[in-house]
Protein chains: 2
Amino acid sequence: MAGRAISGPCQAWPEESGFIREVLDRIGDKWTVLVISTLSGSSLRYSDLQASIPGISQRMLTVTLKALERDGMILRTAYPEIPPRVEYELTALGRSLLDSAMALVSWAVAHHEDVGASRRAHEQTGVGREKARAAASEDSPVR
Amino acid sequence: MAGRAISGPCQAWPEESGFIREVLDRIGDKWTVLVISTLSGSSLRYSDLQASIPGISQRMLTVTLKALERDGMILRTAYPEIPPRVEYELTALGRSLLDSAMALVSWAVAHHEDVGASRRAHEQTGVGREKARAAASEDSPVR
DNA sequence: CCGTATCCTCTATGATACTG
DNA sequence: CAGTATCATAGAGGATACGG
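Residues numbered from 1 in each chain as written. Chains lettered and ligands numbered in written order. Predicted model: local features only at pLDDT ≥ 70, side-chain atom pairs only at ≥ 80, totals over all residues. Heavy atoms only, no water.

Caption draft 1: Summary view of the environment of Tyr46 of chain B. Residues and elements named next belong to chain B. Inspection of the secondary structure assignment puts Tyr46 in helix H3 (residues 46-52). In this structure the C-alpha to C-alpha distance between Tyr46 and Glu87, which are 41 residues apart in sequence, comes to 6.8 Å. Not counting residues up to four positions away in its chain, the partners in contact with Tyr46 are Gln58, Leu61, Thr62, Leu65, Val86 and Tyr88. (Helix = DSSP H or I, 4+ residues; strand = E, 2+ residues; numbered from the N terminus. Contact = heavy atoms within 4.5 Å.)

Caption draft 2: Spatial organisation of the nonpolar core. Grouped together as the largest cluster of nonpolar side chains are 65 residues, with contacts concentrated most on Ile27, Leu39 and Ile74 of chain A together with Leu39 and Ile74 of chain B. Top element by residues in this core is helix H5 (residues 92-124) of chain A. It accounts for 9 residues. (Core = buried A, V, L, I, M, F, W, Y, C linked by side-chain atoms within 4.5 Å. Buried < 20%, exposed > 50% of the residue type's maximum accessible area, 1.4 Å probe, protein only.)

Caption draft 3: The arrangement of the pattern of salt bridges in detail. Counted by the stated rule, this structure contains 12 salt bridges over all chains. Between Arg119 of chain A and Glu22 of chain B there is a salt bridge, and its shortest N-O distance comes to 2.7 Å. Pair noted here: Arg119 of chain A is in helix H5 and Glu22 of chain B is in helix H1 (residues 17-28), and the two residues belong to different chains. Judged by its relative accessible area of 41%, Glu22 of chain B falls in the partly exposed class. We note a salt bridge from Glu81 of chain B to Arg85 of chain B, for which the minimum N-O separation is 3.0 Å. By sharing partners, the salt bridges in this structure join Glu22, Arg26 and Asp71 of chain A together with Arg119 of chain B into a single network. (Salt bridge = Lys/Arg side-chain N within 4 Å of Asp/Glu carboxyl O.)

Caption draft 4: Local environment of the protein's contact with DNA strand C. Taken together, 19 residues lie around DNA strand C, and Ser47, Thr62, Arg76 and Tyr88 of chain A together with Arg59 of chain B are the ones closest in. Within the contact set of DNA strand C, a phosphate oxygen lies 2.6 Å away from a side-chain nitrogen or oxygen of Arg76 of chain A. Those elements giving two or more residues to the surface near DNA strand C turn out to be helix H3 (46-52), helix H4 (58-70) and strand E3 (85-90) of chain A together with helix H4 (58-70) of chain B. By residue number, the principal contributor to the surface near DNA strand C is H4 of chain A, which donates 4 residues. Across the surface near DNA strand C, the residue classes tally to 8 nonpolar, 4 polar and 7 charged. (Near = heavy atom within 4 Å. Polar contact = N/O pair within 3.5 Å; in protein donor to acceptor, adjacent residues only side chain to side chain. Nonpolar A, V, L, I, M, F, W, Y, C, P; charged D, E, K, R; others polar.)

Caption draft 5: Inspection of the packing of aromatic side chains at higher detail. All chains considered together, the criterion is met by 0 aromatic pairs over all chains. Geometry around Tyr79 of chain A places Arg85 of chain A over its ring, the cationic atom sitting 4.0 Å from the centre. (Phe/Tyr/Trp six-rings, centres within 6.5 Å; stacked < 30°, edge-to-face > 60°. Lys NZ or Arg CZ within 6 Å of the ring centre and 35° of its normal.)

Caption draft 6: Layout of H1 of chain B. Residues and elements named next belong to chain B. In this model H1 runs 15 Å from its N-terminal to its C-terminal C-alpha over 12 residues, within 8% of the 16 Å that 1.5 Å per residue would give. Most of H1 is tucked away: 9 of the 12 residues are buried. All buried positions along H1 are accounted for by Ser17, Phe19, Ile20, Arg21, Val23, Leu24, Arg26, Ile27 and Gly28. (Expected span 1.5 Å × (residues − 1).)

Caption draft 7: Region of interest: the pairing of strand E2 (residues 74-79) of chain B. Residue and element names in this part refer to chain B. As defined by bridge partners, E2 adjoins strand E3 (residues 85-90) across 6 bridges and the pair is classed as antiparallel. Looking at E3, one finds that Ala78 is bridged to Val86. Hairpin geometry of E2 and E3 is characterised by an intervening segment of 5 residues between the two adjacent antiparallel strands. (Pairing = 2+ DSSP bridges.)

Caption draft 8: Quick look at the side chain of Arg119 of chain A. A relative accessible area of 19% places Arg119 of chain A in the buried class. Apart from residues no more than four positions distant in its own chain, Arg119 of chain A is found in contact with Glu22, Arg26, Arg70 and Asp71 of chain B.

Caption draft 9: Molecular detail of the confidence of the model for chain A. Residue and element names in this part refer to chain A. For chain A, the mean per-residue pLDDT works out to 81, and 75% of the residues sit at or above 70. For the stretch residues 1-10, pLDDT sits under 50, and the model shows 6 contacts to residues farther than four places along the chain or on other chains. In the predicted structure, residues 128-137 sits below a pLDDT of 50 and forms 9 contacts with residues beyond four places in sequence or in another chain. (pLDDT = per-residue confidence, 0-100.)

Caption draft 10: Highlighting the sheet that holds strand E1 (residues 44-45) of chain A. Residues and elements named next belong to chain A. Strand order in the open sheet formed by 3 strands is E1-E3-E2, with antiparallel pairing between adjacent strands. Of all the strands in the sheet, the pair left with one neighbour each is E1 and strand E2 (74-79). Of the strand pairs in this sheet, E1 and E3 are connected by 2 bridges, and their pairing is antiparallel. Across the sheet, the residue bridging to Leu44 is Tyr88, located in E3.

This is the structure we're talking about:
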(Lines give C-alpha, C1' and ligand atoms only; values in the text may rest on other atoms or scores of the structure.)
Protein backbone atom coordinates (compact mmCIF):
# COMPACT_ATOMS: atom_id res chain seq x y z
CA MET A 1 0.00 0.00 0.00
CA ALA A 2 2.65 2.44 1.02
CA GLY A 3 5.06 1.42 -1.70
CA ARG A 4 7.67 4.14 -1.87
CA ALA A 5 5.20 6.91 -1.35
CA ILE A 6 7.68 8.80 0.76
CA SER A 7 10.78 10.48 -0.51
CA GLY A 8 11.56 12.02 2.84
CA PRO A 9 14.81 12.81 4.61
CA CYS A 10 15.86 9.34 5.68
CA GLN A 11 14.05 6.09 5.06
CA ALA A 12 14.74 4.50 8.41
CA TRP A 13 12.71 1.32 7.78
CA PRO A 14 12.94 0.03 4.22
CA GLU A 15 11.62 -3.50 3.71
CA GLU A 16 12.93 -5.38 6.71
CA SER A 17 10.09 -3.99 8.78
CA GLY A 18 7.92 -6.73 7.32
CA PHE A 19 9.37 -9.78 8.99
CA ILE A 20 10.55 -7.77 11.95
CA ARG A 21 6.90 -7.04 12.60
CA GLU A 22 6.15 -10.72 12.20
CA VAL A 23 8.58 -11.65 14.92
CA LEU A 24 7.48 -8.84 17.18
CA ASP A 25 3.87 -9.85 16.75
CA ARG A 26 4.74 -13.37 17.70
CA ILE A 27 6.72 -12.57 20.83
CA GLY A 28 4.45 -9.65 21.57
CA ASP A 29 1.28 -11.64 21.75
CA LYS A 30 -0.12 -12.38 25.09
CA TRP A 31 1.23 -15.88 25.72
CA THR A 32 4.15 -16.83 23.47
CA VAL A 33 6.91 -15.69 25.77
CA LEU A 34 5.26 -17.28 28.75
CA VAL A 35 4.93 -20.57 26.90
CA ILE A 36 8.48 -20.81 25.63
CA SER A 37 9.82 -19.66 28.99
CA THR A 38 7.83 -22.36 30.71
CA LEU A 39 9.25 -24.91 28.30
CA SER A 40 12.82 -23.74 28.87
CA GLY A 41 13.46 -26.25 31.62
CA SER A 42 12.08 -29.44 30.19
CA SER A 43 9.46 -30.84 27.86
CA LEU A 44 5.94 -30.63 29.23
CA ARG A 45 2.51 -32.01 28.56
CA TYR A 46 -0.45 -29.94 27.49
CA SER A 47 -2.05 -30.08 30.89
CA ASP A 48 1.23 -29.20 32.61
CA LEU A 49 1.52 -26.09 30.49
CA GLN A 50 -2.00 -25.07 31.30
CA ALA A 51 -1.37 -25.53 35.00
CA SER A 52 1.93 -23.66 34.87
CA ILE A 53 0.53 -20.64 33.08
CA PRO A 54 -2.21 -19.10 35.21
CA GLY A 55 -5.01 -17.53 33.26
CA ILE A 56 -4.42 -19.06 29.86
CA SER A 57 -7.49 -20.50 28.18
CA GLN A 58 -7.53 -23.81 26.36
CA ARG A 59 -8.08 -22.01 23.14
CA MET A 60 -5.14 -19.66 23.51
CA LEU A 61 -2.83 -22.42 24.68
CA THR A 62 -3.71 -24.47 21.62
CA VAL A 63 -3.44 -21.53 19.26
CA THR A 64 -0.10 -20.46 20.69
CA LEU A 65 1.34 -23.96 20.60
CA LYS A 66 0.24 -24.44 16.99
CA ALA A 67 1.80 -21.19 15.92
CA LEU A 68 5.06 -21.98 17.67
CA GLU A 69 5.15 -25.46 16.19
CA ARG A 70 4.46 -24.11 12.73
CA ASP A 71 7.33 -21.68 13.10
CA GLY A 72 9.69 -24.42 14.20
CA MET A 73 10.11 -23.16 17.75
CA ILE A 74 8.68 -26.15 19.52
CA LEU A 75 8.31 -29.85 18.76
CA ARG A 76 5.07 -31.70 19.43
CA THR A 77 5.15 -35.41 20.12
CA ALA A 78 1.96 -37.40 20.60
CA TYR A 79 2.07 -40.82 22.21
CA PRO A 80 -0.88 -42.95 21.08
CA GLU A 81 -1.64 -44.29 24.49
CA ILE A 82 -4.75 -44.49 26.57
CA PRO A 83 -5.13 -41.95 27.95
CA PRO A 84 -3.41 -39.81 25.32
CA ARG A 85 -0.14 -38.10 26.14
CA VAL A 86 1.40 -35.19 24.24
CA GLU A 87 4.71 -33.59 25.00
CA TYR A 88 6.03 -30.23 23.88
CA GLU A 89 9.66 -29.24 23.86
CA LEU A 90 11.73 -26.38 22.55
CA THR A 91 13.72 -26.84 19.36
CA ALA A 92 17.15 -25.32 18.88
CA LEU A 93 15.45 -22.43 17.12
CA GLY A 94 13.08 -22.01 20.03
CA ARG A 95 15.93 -21.90 22.50
CA SER A 96 17.72 -19.28 20.45
CA LEU A 97 14.65 -17.07 20.62
CA LEU A 98 14.32 -17.77 24.31
CA ASP A 99 17.66 -16.13 24.89
CA SER A 100 16.59 -12.87 23.28
CA ALA A 101 13.16 -13.01 24.85
CA MET A 102 14.61 -13.49 28.30
CA ALA A 103 16.66 -10.36 27.82
CA LEU A 104 13.37 -8.54 27.53
CA VAL A 105 11.94 -10.26 30.56
CA SER A 106 15.06 -9.30 32.48
CA TRP A 107 14.59 -5.73 31.37
CA ALA A 108 11.04 -5.83 32.64
CA VAL A 109 12.13 -7.14 36.00
CA ALA A 110 14.96 -4.64 36.26
CA HIS A 111 13.06 -1.53 35.21
CA HIS A 112 9.40 -1.99 36.01
CA GLU A 113 9.82 0.24 39.03
CA ASP A 114 11.26 3.05 36.93
CA VAL A 115 8.33 2.77 34.59
CA GLY A 116 5.91 2.77 37.49
CA ALA A 117 7.54 5.86 38.97
CA SER A 118 7.36 7.65 35.65
CA ARG A 119 3.69 6.85 35.29
CA ARG A 120 2.90 8.13 38.75
CA ALA A 121 4.82 11.30 38.06
CA HIS A 122 2.81 11.93 34.91
CA GLU A 123 -0.45 11.48 36.75
CA GLN A 124 0.48 13.90 39.52
CA THR A 125 1.99 16.72 37.52
CA GLY A 126 -0.81 16.46 35.02
CA VAL A 127 1.39 16.11 32.01
CA GLY A 128 -0.89 16.03 29.05
CA ARG A 129 -2.91 18.91 30.46
CA GLU A 130 0.24 20.93 30.15
CA LYS A 131 -0.21 24.65 30.49
CA ALA A 132 0.81 26.44 27.38
CA ARG A 133 3.27 29.07 28.42
CA ALA A 134 2.58 32.46 26.90
CA ALA A 135 6.23 33.35 26.53
CA ALA A 136 7.93 32.32 23.33
CA SER A 137 11.63 32.61 23.99
CA GLU A 138 13.98 30.21 22.21
CA ASP A 139 15.62 29.00 25.34
CA SER A 140 12.67 28.01 27.46
CA PRO A 141 10.91 25.10 25.84
CA VAL A 142 7.75 23.77 27.42
CA ARG A 143 7.97 20.26 28.73
CA MET B 1 -7.91 -11.89 39.28
CA ALA B 2 -6.44 -15.37 39.28
CA GLY B 3 -5.22 -15.05 42.83
CA ARG B 4 -3.80 -18.40 43.85
CA ALA B 5 -6.52 -20.43 42.26
CA ILE B 6 -4.06 -23.08 41.15
CA SER B 7 -2.23 -25.42 43.47
CA GLY B 8 -0.67 -27.39 40.62
CA PRO B 9 2.69 -29.09 40.19
CA CYS B 10 4.94 -26.09 39.67
CA GLN B 11 3.87 -22.47 39.62
CA ALA B 12 6.12 -21.30 36.85
CA TRP B 13 4.70 -17.77 36.65
CA PRO B 14 3.60 -16.42 40.00
CA GLU B 15 2.96 -12.72 40.04
CA GLU B 16 5.74 -11.38 37.84
CA SER B 17 3.73 -12.32 34.79
CA GLY B 18 1.71 -9.15 35.31
CA PHE B 19 4.30 -6.53 34.55
CA ILE B 20 6.16 -8.85 32.22
CA ARG B 21 3.01 -8.88 30.15
CA GLU B 22 2.89 -5.10 30.34
CA VAL B 23 6.36 -4.77 28.88
CA LEU B 24 5.71 -7.36 26.21
CA ASP B 25 2.50 -5.64 25.23
CA ARG B 26 4.34 -2.38 24.88
CA ILE B 27 7.16 -3.70 22.71
CA GLY B 28 4.76 -6.03 20.96
CA ASP B 29 2.48 -3.33 19.70
CA LYS B 30 2.72 -2.36 16.13
CA TRP B 31 4.85 0.75 16.36
CA THR B 32 6.79 1.08 19.59
CA VAL B 33 9.93 -0.69 18.44
CA LEU B 34 9.92 1.20 15.18
CA VAL B 35 9.59 4.51 17.00
CA ILE B 36 12.34 3.97 19.54
CA SER B 37 14.61 2.50 16.90
CA THR B 38 14.07 5.54 14.73
CA LEU B 39 14.94 7.76 17.68
CA SER B 40 18.09 5.80 18.46
CA GLY B 41 20.28 8.04 16.32
CA SER B 42 19.16 11.49 17.33
CA SER B 43 16.21 13.48 18.56
CA LEU B 44 13.55 14.04 15.93
CA ARG B 45 10.50 16.16 15.33
CA TYR B 46 6.97 14.83 15.04
CA SER B 47 6.92 15.21 11.29
CA ASP B 48 10.33 13.61 10.94
CA LEU B 49 9.11 10.57 12.77
CA GLN B 50 6.06 10.34 10.59
CA ALA B 51 8.18 10.58 7.47
CA SER B 52 10.69 8.03 8.73
CA ILE B 53 8.09 5.43 9.63
CA PRO B 54 6.15 4.53 6.50
CA GLY B 55 2.54 3.65 7.10
CA ILE B 56 2.07 5.06 10.58
CA SER B 57 -1.03 7.21 11.05
CA GLN B 58 -1.07 10.48 12.95
CA ARG B 59 -3.21 8.91 15.58
CA MET B 60 -0.93 5.93 16.18
CA LEU B 61 2.18 8.06 16.18
CA THR B 62 0.62 10.32 18.80
CA VAL B 63 -0.67 7.42 20.87
CA THR B 64 2.66 5.62 20.77
CA LEU B 65 4.63 8.73 21.65
CA LYS B 66 2.33 9.52 24.58
CA ALA B 67 2.63 6.00 25.94
CA LEU B 68 6.39 6.03 25.65
CA GLU B 69 6.61 9.43 27.27
CA ARG B 70 4.34 8.35 30.10
CA ASP B 71 6.55 5.33 30.72
CA GLY B 72 9.67 7.46 30.78
CA MET B 73 11.17 6.06 27.62
CA ILE B 74 11.23 9.26 25.63
CA LEU B 75 11.39 12.95 26.42
CA ARG B 76 9.14 15.47 24.70
CA THR B 77 10.27 19.07 24.34
CA ALA B 78 8.03 21.71 22.82
CA TYR B 79 9.50 25.00 21.60
CA PRO B 80 6.87 27.73 21.66
CA GLU B 81 7.81 29.16 18.30
CA ILE B 82 5.87 29.97 15.22
CA PRO B 83 5.54 27.51 13.61
CA PRO B 84 5.59 25.11 16.54
CA ARG B 85 8.48 22.71 16.96
CA VAL B 86 8.50 19.60 19.11
CA GLU B 87 11.42 17.29 19.56
CA TYR B 88 11.45 13.74 20.86
CA GLU B 89 14.48 11.95 22.22
CA LEU B 90 15.21 8.73 24.02
CA THR B 91 15.85 8.81 27.74
CA ALA B 92 18.39 6.52 29.39
CA LEU B 93 15.54 4.16 30.19
CA GLY B 94 14.47 4.19 26.58
CA ARG B 95 17.94 3.41 25.37
CA SER B 96 18.20 0.49 27.78
CA LEU B 97 15.02 -0.98 26.33
CA LEU B 98 16.29 -0.35 22.84
CA ASP B 99 19.24 -2.62 23.53
CA SER B 100 17.02 -5.54 24.49
CA ALA B 101 14.58 -4.86 21.70
CA MET B 102 17.35 -4.78 19.12
CA ALA B 103 18.45 -8.21 20.28
CA LEU B 104 15.04 -9.39 19.19
CA VAL B 105 15.30 -7.59 15.88
CA SER B 106 18.68 -9.20 15.34
CA TRP B 107 17.13 -12.57 16.03
CA ALA B 108 14.47 -11.84 13.45
CA VAL B 109 17.06 -10.93 10.86
CA ALA B 110 19.17 -13.98 11.65
CA HIS B 111 16.41 -16.56 11.75
CA HIS B 112 13.55 -15.41 9.59
CA GLU B 113 14.62 -17.85 6.92
CA ASP B 114 14.49 -20.77 9.33
CA VAL B 115 11.01 -19.76 10.34
CA GLY B 116 9.96 -19.42 6.73
CA ALA B 117 11.35 -22.86 5.92
CA SER B 118 9.51 -24.37 8.86
CA ARG B 119 6.25 -22.81 7.75
CA ARG B 120 6.62 -24.10 4.24
CA ALA B 121 7.41 -27.57 5.55
CA HIS B 122 4.25 -27.57 7.62
CA GLU B 123 2.14 -26.58 4.66
CA GLN B 124 3.56 -29.30 2.42
CA THR B 125 3.57 -32.25 4.77
CA GLY B 126 0.15 -31.33 5.99
CA VAL B 127 1.03 -31.23 9.64
CA GLY B 128 -2.20 -30.59 11.43
CA ARG B 129 -3.98 -33.08 9.21
CA GLU B 130 -1.73 -35.67 10.77
CA LYS B 131 -2.70 -39.25 10.12
CA ALA B 132 -3.58 -40.99 13.32
CA ARG B 133 -1.59 -44.18 13.38
CA ALA B 134 -3.60 -47.21 14.44
CA ALA B 135 -0.72 -48.78 16.28
CA ALA B 136 -0.23 -47.82 19.90
CA SER B 137 3.28 -48.92 20.75
CA GLU B 138 5.17 -46.94 23.36
CA ASP B 139 8.16 -46.36 21.11
CA SER B 140 6.54 -44.84 18.03
CA PRO B 141 4.94 -41.51 18.89
CA VAL B 142 3.03 -39.69 16.21
CA ARG B 143 4.46 -36.38 15.16
C1' DC C 1 -6.39 -36.32 28.41
C1' DC C 2 -6.11 -33.42 24.50
C1' DG C 3 -7.89 -30.82 22.02
C1' DT C 4 -11.75 -28.44 18.35
C1' DA C 5 -15.92 -25.60 17.40
C1' DT C 6 -18.75 -21.50 18.47
C1' DC C 7 -20.08 -17.40 20.05
C1' DC C 8 -19.08 -12.98 22.03
C1' DT C 9 -16.62 -8.93 23.72
C1' DC C 10 -13.21 -5.57 23.89
C1' DT C 11 -9.15 -3.40 22.27
C1' DA C 12 -5.85 -1.95 18.88
C1' DT C 13 -5.52 0.35 14.71
C1' DG C 14 -7.00 3.25 10.86
C1' DA C 15 -9.42 6.98 8.16
C1' DT C 16 -11.02 11.35 8.30
C1' DA C 17 -11.88 15.94 9.71
C1' DC C 18 -10.96 19.75 12.68
C1' DT C 19 -7.94 23.08 15.93
C1' DG C 20 -4.13 26.10 18.18
C1' DC D 1 3.53 22.15 12.33
C1' DA D 2 1.70 19.35 15.72
C1' DG D 3 -1.54 17.50 17.29
C1' DT D 4 -7.02 16.22 18.96
C1' DA D 5 -11.71 14.30 18.18
C1' DT D 6 -14.74 11.05 16.23
C1' DC D 7 -16.26 7.11 13.92
C1' DA D 8 -15.60 2.57 12.12
C1' DT D 9 -13.66 -2.14 11.86
C1' DA D 10 -10.83 -6.38 12.15
C1' DG D 11 -9.03 -9.46 14.91
C1' DA D 12 -7.20 -10.97 19.44
C1' DG D 13 -8.60 -13.13 23.23
C1' DG D 14 -11.98 -15.44 26.55
C1' DA D 15 -16.08 -18.61 27.94
C1' DT D 16 -18.33 -22.52 27.03
C1' DA D 17 -19.67 -26.90 25.12
C1' DC D 18 -18.66 -30.83 22.47
C1' DG D 19 -15.55 -34.66 20.15
C1' DG D 20 -11.70 -38.48 19.55
